Each structure stands twice: as structure tokens, then as C-alpha cells.
Amino acid sequence: MNLEDFRPESKLVTKTTQVSKPRFPPIDAHNHLGEEFGGGWEKRPLAELLDQLDGSGIQCYVDLDGGWGEHILNRHLDLFKQPAPERFQIFGGVDWSKWPEKGDTFPEWATTRLRIQKERGAQGLKIWKGLGLQVIDHTGTLVNVDDRRLDPIWETAAELGFPVVIHVADPAAFFDPIDETNERWEELGRHPEWVFTSPPFPSFLHIVEGLASLVSRHPRTTFIGAHVGCYAENLAWVGRLLDRCPNFHVDISARIGELGRQPYTTRRFFLDYADRILFGSDMGPSPEDYQIIYRFLETDDEYFNYNTTPVPAQGRWYVHGIYLPDDVLEQVYFRNAERILLNHG
Ligand SMILES: [Zn+2]
């Protein structure tokens, strides 16, 4: 038998709790509605989408897919925000592909676009992981996450009341050589486009330290580090950045696999930073995926799959619930997002 065919079924007899409705109505601070990551809701009926959100108890859904040029932003505002303003927030973005053409005027141009996005109804800014990995300037040079030429963008976001959801780097193992010691080997086999082995790519730490320097240099700007501050494998690192920068927050999207395999550290992290953590799924409005997150946050169930697929996608391990107390659940599910996202603009 090949290892990839191995499907061991756990013989543990432990508690299984079905959590179909969350304890408090969540604001999903990190998700998508577009074709690639969100389930293609541009072409599906809004009523069906609202039914799914209602079925999972989601009060408000942040759609980060406005970012690739304004025609997409406008379409999402028209399709979702306009008919159901209380249920959606649409974030805009920076079109980095214009840098070579705009040259030195790019940062200025990008801030003008942010102002237009704000007028049109966008409520925040999403920065995709290309920054620090792939974005190049007009000389063809890779742009660092904390490049000072971008300062006007972050200052304009602060001025417009745009929280910035920022994703830099990727799981730390994506930057390692792809060999028998790489814990994400199977996943990277399915997604060779996620291999960022360094060199030639910058190192993982260079990129995340760039994020730390960016966040500390712009205290007026509200940053939400996607996927547990972009370093879910090292909560001590994330905690230090949270300690240092009151303008920094994190969402938990797409990292139940990481959080749930270090349940003691994770539980302490949630108790210590209860007012800085935002709920998010990043899996589209899928009821099955929401239920896994609810189970993880609310129960002390042990050793369960963090995905809906037979073999969990990020690696062959299982997770443990962190049974958060009600006051922490309430903050994580919606109070923090309410304060940080909804009070702006
Ligand atoms: Zn995402």
C-alpha cells in the first residue's frame, strides 16, 4: 500500500458533539464570494446565500473579493451589499499589476483608487499574499512588505477608516524544501503553485518580520493579520506582536488545523488575547465547515478531523476542541469584529 492510500479510522471512543448553531451569532471577518475561493456566488441566487448564512447563524459576512480591479468590487457591491446591507461587508484592494505601468506614481495612484472604492461603498482593504512574494515595482524588483514607498496606502486606509486585512507569506513549511521531512508535502503535491521554497523566494521570517515592521510603523492603521497573524505555527511570535502593537488583530480563518493541534497553547492564546481575535472561515459560506469551527471553539471534543474531506487537507493530523468560556466566545464570534470592522465607514 502507498502511504497516500492509507485511511486509518480512529478506534477511540470519545465524545462527539454536534454544534450546528454557534453560541453567539458570528461575524465572519474573512471569507469570499467569488469563483476561486468563495463558491461562485456571483452566479447563484442571493436568497440561497442568505439561507446558508441563516442556517449557520452568521449575522454578517465579510467578502474580501472586491480586490482585483474595480469592476469586481462594483459587481460585489451591487450583488450583495446593496440588497442586503446588514449582512455583508465588501473589501476593496490594491491592483499591484499596475505598478510597472504607473512607475513612481503608483503609490499615489493606488491611494486615489482607495478613495474611489470608499465612495463606492467598500468598507475595508484586503492585501493578498502576493505582497512580499510576487509583487514587483517598475524596475522589476520584488517589493518588501514594509517598503516605505507604500506608506501613503496605509495612511490613507487609516484616514478612510478602512481596516486592513493583510495576508503575507503562507504556512511556514511552504518555504522549506519539498522533501520527505516537509509536513505539508501531500498538500503541496496537489498545489505546486503554493511552493515558495526559499531561495529563490524570500525566507518566511523575512516576510513575516516585514509585516511586524509595517504594523508597528503605522499605529493609526488598523491591521488584521489573516490566518492567525500569518504565523499560526508560532503563537508566541503572534502574541509578541499583539503585545507591541495595539493596532494589530488576527483572524482565525483556515487555521483550525494549526490551532487545534496545539490546543493548550491555543486556549491560553485565546484567553490572553480575547479582545484581539476575530472569527473567520475562508471556506465560503459552507455549513459543514462552520460546524467544525464551532465544535473546535466551543467543545472539549478530542481528536477530530478539521476538514470535511476524509484526509484533512493541510496534513494528516487531527485537532482538539478548546472549550472557550462564554465571555471569550462572545468577543471572538462578534464583539471584536463589531468594534473593529463595523464601526468604520
Ligand atoms: Zn481568504
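What follows is about the sheet that holds strand β1 (residues 27–31). Taking strand neighbours across the sheet as the criterion, the 3 strands line up as β1-β2-β3 in an open arrangement whose pairing is parallel. Each end of this open sheet is capped by a strand with a single partner; those strands are β1 and β3 (88–90). Within the sheet, the average angular offset between the axes of one strand and its neighbour, ignoring direction, is 15°. Sheet strands touched by helix α3 (residues 70–81): β2 (60–63) and β3. Its angle to β3, the strand with the most contacts, is close to 170°.

Interaxial distance between helix α8 (residues 204–217) and helix α10 (residues 235–244) falls to 10 Å at its minimum, and their mutual angle equals 15°. The orientation of α8 relative to α10 falls into the category roughly parallel. Along this stretch, α8 crosses α10, giving a crossing that reads as right-handed. In contact with Val-208, Glu-209, Ala-212 and Ser-216 of α8, α10 contributes Trp-237, Leu-241 and Arg-244.

Attention shifts here to the coordination of the zinc ion. Each protein donor to the zinc ion is listed here as His-30 (NE2), His-32 (NE2) and Asp-282 (OD); together their distances run 2.1 to 2.2 Å. Here the donor residues of the zinc ion share one chain and are spaced in sequence as H-x1-H-x249-D. Neither His-30 nor His-32 differs from the other in exposure class; each is buried.

Moving on to unusual backbone geometry. Pro-199 follows Ser-198 through a cis peptide bond whose omega is -15°. Turning to its location among the elements, Pro-199 is positioned in the loop between α7 (185–190) and α8. For His-227, which is not glycine, the phi torsion reads 55° and is therefore positive. Here His-227 is to be found in helix α9 (residues 226–229). Even without being a glycine, Ala-254 presents a positive backbone phi close to 55°.

Calculation rules
Residues numbered from 1 in each chain as written. Predicted model: local features only at pLDDT ≥ 70, side-chain atom pairs only at ≥ 80, totals over all residues. Heavy atoms only, no water. Pairing = 2+ DSSP bridges. Helix = DSSP H or I, 4+ residues; strand = E, 2+ residues; numbered from the N terminus. Axes fitted to C-alpha atoms, helices over the stretch in contact; angles between N-to-C directions. Contact = heavy atoms within 4.5 Å. Parallel < 35°, antiparallel > 145°, perpendicular 65-115°, else oblique. Left-handed = near helix turned anticlockwise from the far one by under 90°. Donors = N, O, S within 2.8 Å, 3.2 Å for Na, K, Ca; no water. Buried < 20%, exposed > 50% of the residue type's maximum accessible area, 1.4 Å probe, protein only.

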